[in-house]
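What the coordinates show
So you can see what is in the structure, the chains are spelled out below.
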Amino acid sequence: MKRTTRPPGNRRNALFVVVVMLAVTSASVASADDGPGPLGVTVQAGVNKASARVGALFGAGEGLSGHFCTASVVHSEGRDLLVTAAHCLDGAGKLRFVPGYRDGQAPYGIWDVKKTYVGDAWTGGQDEDSDVAFAEVAKQHAKGIEDVVGANALATGRETGATAVMVTGYPSTLDVPIICTNKPTVHSPTQQRIACPAFAGGTSGSPWVNGDGEVVGVIGGHEAGGDTDDISYSVVLGKEVAALYKEARKAS
């Protein structure tokens with residue numbers, strides 16, 4: 001499964017990830033950066049507005065090491081909201097979010113998580129159909145994180161596989177984000193899946209973003225996001241997620 005705990009304990013398949021990245025041609029990288037690119041190919045994400053909205057989650061500490069999950073900025077009235085997998089927020093302790101994280105650097109700052117929003121079904125029994133959560137980050141110099149990097153919309157009720165999506169995440173074995181474009185398929189009425197190689201431990205919480213800039217999935221759910229690196233899962237974003245999002249937006 002893609003779940004990693006604090007401190008990170010899942011560093012599997014580092015060599016496999018590197019081999020996949022090196023095997024991709026420069027043309028594929030350019031295509032992925034400029035548009036949908038070849039389907040089902042994983043490459044290093046480019047430095048752009050879209051990737052700046054995605055970042056790595058870290059636990060307590062002074063430096064930037066040991067990122068264990070991925071999160072991304074979604075729109076809210078408070079301009080301070082992230083979406084990730086609920087299992088990424090398990091346990092106590094300080095959390096920090098670093099948007100656009102690369103090679104130990106925090107180009108858009110380090111943002112402290114001040115409050116989390118997890119559904120009752122996850123809190124009560126870790127229901128895999130409720131493995132989506134939101135986190136509010138503290139403002140910096142009177143600015144919210146959305147003021148700095150922008151935000152994606154979060155869309156519920158979308159048909160699985162209606163369009164291709166771009167999945168961006170941070171494997172715990174790498175200090176750069178990876179990206180893959182493909183069409184999700186139905187796994188069950190409440191779960192969707194996508195075929196993208198090299199999404200190993202640390203990529204839980206990675207957003208699935210459609211061509212309209214809407215988050216329509218988040219790695220998590222079935223098998224905590226998947227028990228292989230090549231197939232990832234997400235909860236189908238429906239009424240439960242919509243209600244939790246509304247609660248988080250209202251409170252933030």
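Residues numbered from 1 in each chain as written. Predicted model: local features only at pLDDT ≥ 70, side-chain atom pairs only at ≥ 80, totals over all residues. Heavy atoms only, no water.

Overall, the predicted model of the protein chain reaches an average pLDDT of 88, with 85% of residues at or above 70. Throughout residues 7-35 the model reports pLDDT below 50, and contacts reaching past four residues in sequence, or to other chains, amount to 50 contacts. (pLDDT = per-residue confidence, 0-100. Contact = heavy atoms within 4.5 Å.)

Let us look at the state of the cysteines. Within this structure, the stated rule accounts for two disulfides. Each sulfur in the disulfide pair Cys69 and Cys88 lies 2.1 Å from the other. Sign of the S-S torsion, about -80° for the bond between Cys69 and Cys88, identifies this disulfide as left-handed. You can see Cys69 sitting in strand 3 (residues 69-74) and its partner Cys88 sitting in the loop between strand 4 (81-84) and strand 5 (96-99), a full 19 residues away along the chain. Overall, Cys88 belongs to the buried group, its relative accessible area being 1%. One disulfide in the model links Cys180 with Cys196; its S-S distance is 2.1 Å. The S-S bond linking Cys180 to Cys196 shows a torsion near -80°; that makes this disulfide left-handed. Taken together, the residues span a long stretch of sequence, with Cys180 in strand 10 (residues 178-182) and Cys196 in the loop between strand 12 (191-195) and strand 13 (207-209) at a distance of 16 residues. (Disulfide = S-S within 2.5 Å. Helix = DSSP H or I, 4+ residues; strand = E, 2+ residues; numbered from the N terminus. Buried < 20%, exposed > 50% of the residue type's maximum accessible area, 1.4 Å probe, protein only.)

Taken together, the six strands give an open sheet; going across it, the order is 1-10-9-13-14-8, and neighbouring strands pair in mixed fashion. The open sheet is flanked by strand 1 (42-44) and strand 8 (153-154), the only strands paired with a single partner. By the bridge criterion, two bridges tie strand 9 (residues 165-169) to strand 13 in an arrangement that is antiparallel. When the bridges of strand 13 are listed, Met166 appears paired with Val209. (Pairing = 2+ DSSP bridges.)

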